[in-house]
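So the chains spell out like this:
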Amino acid sequence: MPHTSDNDKKAQDHNALRHEKNMMREKNRKAGKHQYSKKTDHL
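In this text, all values refer to a predicted model and were calculated from it rather than measured experimentally. (Residues numbered from 1 in each chain as written. Predicted model: local features only at pLDDT ≥ 70, side-chain atom pairs only at ≥ 80, totals over all residues. Heavy atoms only, no water.)

Caption draft 1: Summary view of the overall build of the protein chain. The secondary structure content of the protein chain amounts to one helix and zero strands. Counting every position in the protein chain, which comprises 43 residues, the buried fraction comes to 2%. Total accessible area on the protein chain is roughly 5,200 Å²; 51% of this is exposed by carbon and sulfur atoms. (Helix = DSSP H or I, 4+ residues; strand = E, 2+ residues; numbered from the N terminus. Buried < 20%, exposed > 50% of the residue type's maximum accessible area, 1.4 Å probe, protein only. Areas by Shrake-Rupley, 256 points an atom, 1.4 Å probe, with all protein chains shown as cover.)

Caption draft 2: Layout of the pattern of salt bridges. Inspection of every chain in the model, using the stated rule, returns one salt bridge. We note a salt bridge from R29 to E26, for which the minimum N-O separation is 2.7 Å. Here the residue R29 and the residue E26 both occupy positions in helix α1 (residues 14-30), the gap between them amounting to three residues, near one helical turn. When its relative accessible area of 33% is taken as the criterion, E26 is described as partly exposed. (Salt bridge = Lys/Arg side-chain N within 4 Å of Asp/Glu carboxyl O.)

Caption draft 3: Spatial organisation of α1. Between the first and last C-alpha of α1 there are 24 Å, a value that for 17 residues agrees with the 24 Å anticipated at 1.5 Å per step. Counted residue by residue, α1 has one buried out of 17 residues, so it is predominantly exposed. Two residues or fewer after α1 comes G32, characterised by a positive phi angle close to 90°. (Expected span 1.5 Å × (residues − 1).)

In structure tokens, the structure reads:
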């Protein structure tokens, strides 16, 4: 099987993706989603 390299691929900007993810996480945190509490309900 001949080896063909795919040089037409676009370089992905991982930093931009990570930045978007962090912005969403921060927005959700400020909205009070995903709150972590050590208080237990079962005691």
